Amino acid sequence: MSENTENVRCLIIGSGPAGYTSAIYAARADLKPVVYQGMQPGGQLTITTEVDNFPGYPEGVEGPKLMEDLQKQAERFGTDIRFGVVTSVDLSNRPFKVVADDGKTLYAETLVIATGASAKWLGLESEKKFMGSGVSGCATCDGFFYRKQDVAIVGGGDTAAEEATYLAKLCNKVYMIHRRDELRASKAMQHKVLNTPNIEMLWDSVPEEVLGDMSGVNGLRVRNVKTGESRDLAVTGFFVAIGHKPNTELFVGQLELDEMSYIKTKPGTTQTSVEGVLLPAMYRITITGRPSPLPERVAWRPLKQNGSWAPEQMIGQRTFNLKIC
Ligand code: NDP
């Protein structure tokens, strides 16, 4: 076996809470897990602020600190954590062949997929053009650059609501653009948004074009879908917060996916359609705050809501079953 080829018992792709939690359990079971961290080591929590409802942090915790702690805990039991991106997998034979961008080819007895999800974009040409110079997918990362300015955000879910209230603290004015006349966000977040004086809701509206010049964004054209009328908002920042899509491209054609491209598991188990390829056994609800009929989904978002919970949303976390690992 060449030095670039390696056999591993348990390979985990992804380093969000799902990846590291899987690693802690696998390492404690003496499976000597190797984690490939992916593009964003620590996952999406590294670009968030306070997490208020992760058990064990009575005062709340900053997202990056939480991920640092999870990484340390996984390392404490001997997890081999590597900075690198998996570029291809071949699940047709076991051990599974996995190629990473550090030049390694690994043969994994068991593969745990914890690749999470990525932000969705509107798909406007101008959105792409001004990405990074006025268009952003993360208010907590970029909001600082728009202090005392007017900005706009699109989306009606909890992310948009949370980011709008965050921006409202920094910015002069926040236009929140939503395509319907009712927010999808939880009641507690809706209440916050609607009671923040410098957030103006633009209902039944969609962004049509990001306006700007060489120095960046200087406006946003918004159309009311009911009246057909367009108006230009004088904003210097535009934040897109319209949800996420699962990072499952690597597995297309190799694992069964559902209509939204989430990986399917066998009912009541963590097993995908290929034996030995597992998902971390976490209910999506634990992280997203929304009851999901599909417990096998792994789109990680922290629960960091200060507001109250509806009782039917209080669904717990399943235990890990790494015996099959
Ligand atoms: P969601 O899918 O909940 O919301 C996406 C929003 O974007 C919806 O309002 C949707 O509109 C709108 N949207 C989608 N596509 C488009 C488009 N092309 N153009 C215009 N608008 C669009 O995603 P979130 O990221 O907000 O939340 C994901 C999950 O994470 C949820 O379960 C949420 O509860 C959870 N979360 C929890 C938090 C917390 O507890 N603190 C914080 C953040 C997220 P429409 O409503 O019309 O479909």
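Quick look at the structure, then. Just so you know, these numbers come straight off a predicted model, no measurement behind them. Along every chain, residues carry numbers that run from 1 in the direction the sequence is written. Since the coordinates come from a predicted model, pLDDT governs what is reported: local features require at least 70, and pairs of side-chain atoms require 80 or more to be given and counted, while whole-chain, interface and lining totals use all residues.

### Describing the overall build of the protein chain
Regarding its fold elements, the protein chain presents seven helices and 19 strands. Counting every position in the protein chain, which comprises 325 residues, the buried fraction comes to 42%. Of the contacts made within the protein chain by residues no fewer than 6 positions apart, 60% connect residues no fewer than 24 positions apart. In this text, helices come from DSSP runs of H or I with a minimum length of four residues, and strands from runs of E with a minimum of two, each type numbered from the N-terminal end. With C-beta atoms placed from the backbone, a residue counts as buried when 20 or more other C-beta atoms lie within 10 Å of its own, as exposed when 12 or fewer do, and as partly exposed for counts between those limits. Contact definition: two residues whose C-beta atoms, as placed from backbone geometry, lie within 7 Å.

### Regarding the sheet that holds strand 14 (residues 205-213)
At least two bridges found by DSSP between two strands are what make those strands a pair. The three strands lie next to each other as 14-15-16, forming an open sheet whose pairing is antiparallel. The sheet is open, and its two borders are formed by strand 14 and strand 16 (230-233), each paired with just one other strand. Within the sheet, the average angular offset between the axes of one strand and its neighbour, ignoring direction, is 25 degrees. Bridge count between strand 14 and strand 15 (residues 216-224): eight bridges; the pairing is antiparallel. Across the sheet, the residue bridging to proline 207 is valine 222, located in strand 15. The convention used is that axes are lines fitted to C-alpha atoms, helices contributing only their stretch in contact, and that angles between N-to-C directions extend from 0 to 180 degrees.

### What to know about the pairing of strand 13 (residues 199-202)
Here strand 12 (residues 173-177) runs beside strand 13; their pairing, made up of four bridges, is parallel. Within strand 13, the position partnered with isoleucine 177 by the bridge is leucine 202. A clockwise course of the path from the first strand over the helix to the second, judged with the strands pointing away from the viewer, identifies a crossover as right-handed. For the segment spanning strand 12, helix 6 (residues 187-194) and strand 13, crossover handedness is right-handed.

### Details of the pairing of strand 12
Within strand 12, four of the five residues are buried, which leaves it mostly tucked inside the rest of the structure. Sheet topology places strand 11 (residues 150-154) next to strand 12; five bridges connect them, and they run parallel. Following the sheet pairing, valine 154 is matched in strand 12 by isoleucine 177. Taking the sense of rotation as the criterion, the β-α-β connection linking strand 11, helix 5 (residues 158-170) and strand 12 turns out right-handed.

### Quick word on the sheet that holds strand 13
The strands that make up a sheet are held in pairs by hydrogen bonds between backbone atoms, and each pair lies either parallel or antiparallel. The parallel open sheet is built from five strands, whose spatial order is 10-17-11-12-13. Whereas interior strands pair on both sides, the edge strands pair on one side only; in this sheet they are strand 10 (135-136) and strand 13. Against the sheet, helix 5 contacts strand 11, strand 12, strand 13 and strand 17 (237-240), and its axis sits at roughly 175 degrees relative to strand 11.

### Description of the environment of threonine 21
Its place among the elements puts threonine 21 in helix 1 (residues 17-28). Separated by 49 residues in sequence, threonine 21 and leucine 70 place their C-alpha atoms 7.3 Å apart.

### Some words on the nonpolar core
Under the definition applied here, buried Ala, Val, Leu, Ile, Met, Phe, Trp, Tyr and Cys residues are grouped into a nonpolar core through C-beta atoms within 7 Å. Counting 41 residues, the largest nonpolar core has Leu11, Ile12, Val98, Leu111 and Ile113 as its most contacted members. Looking at this core, the elements with two or more residues in it are strand 1 (5-13), helix 1, strand 2 (34-36), helix 2 (63-76), strand 6 (86-90), strand 7 (96-100), strand 8 (105-113) and strand 19 (277-278). Broken down by element, this core gets its largest block of residues, six residues, from helix 1. For isoleucine 12, the residues in contact, after removing those within four places along its chain, are Gly19, Ser22, Ala23, Pro33, Val35, Val112 and Ala114. Ranked by size, the runner-up nonpolar core spans 32 residues in total, among them Leu183, Val210, Phe238 and Val240.

### Some points on helix 6
Taken together, the buried positions of helix 6 are occupied by Met189, Lys192 and Val193. Looking straight down helix 6, one finds that the buried residues subtend no more than 95 degrees of arc, so they occupy a single side. Seen from the buried face of helix 6, the exposed residues on the opposite side, beyond 90 degrees, are Lys187 and Leu194. For helix 6, the secondary structure elements touched by its buried residues are helix 5, strand 12 and strand 13. What the arc describes is the spread of directions from the helix axis to the C-beta atoms.

### A short note on the packing of helix 1 against helix 2
Interhelical geometry of helix 1 versus helix 2 gives an angle of 20 degrees and a closest axis separation of 8 Å. Classified by the interaxial angle, the pair formed by helix 1 and helix 2 is roughly parallel. The interaxial crossing formed by helix 1 with helix 2 has left-handed handedness. Along the contact surface, helix 1 presents Pro17, Tyr20, Thr21, Ala23, Ile24 and Ala27, while helix 2 presents Leu70, Gln71, Gln73 and Ala74. Of the residues assigned to the contact of helix 1 with helix 2, the class counts are seven nonpolar, three polar and no charged. Geometric relationships in this document are graded by angle, where less than 35 degrees denotes roughly parallel, more than 145 denotes roughly antiparallel, 65 to 115 denotes roughly perpendicular, and other angles denote oblique. Handedness of a crossing is defined here by the sense of rotation of the near helix relative to the far one, left-handed for an anticlockwise turn of less than a right angle and right-handed for a clockwise turn. Under the scheme applied, nonpolar residues are Ala, Val, Leu, Ile, Met, Phe, Trp, Tyr, Cys and Pro; charged residues are Asp, Glu, Lys and Arg; polar residues are all the others, including Gly.

### Some thoughts on the environment of glycine 84
Positionally, glycine 84 belongs in the loop between strand 5 (80-82) and strand 6. Spatially, the C-alpha atom of glycine 84 lies 8.9 Å from that of proline 41, the residues being 43 residues apart in sequence. Setting aside residues no more than four positions away along its own chain, glycine 84 makes contact with Tyr36, Gln37, Ala100, Asp101 and Asp102.

All quantities given are derived from atomic positions and should not be read as evidence of function.
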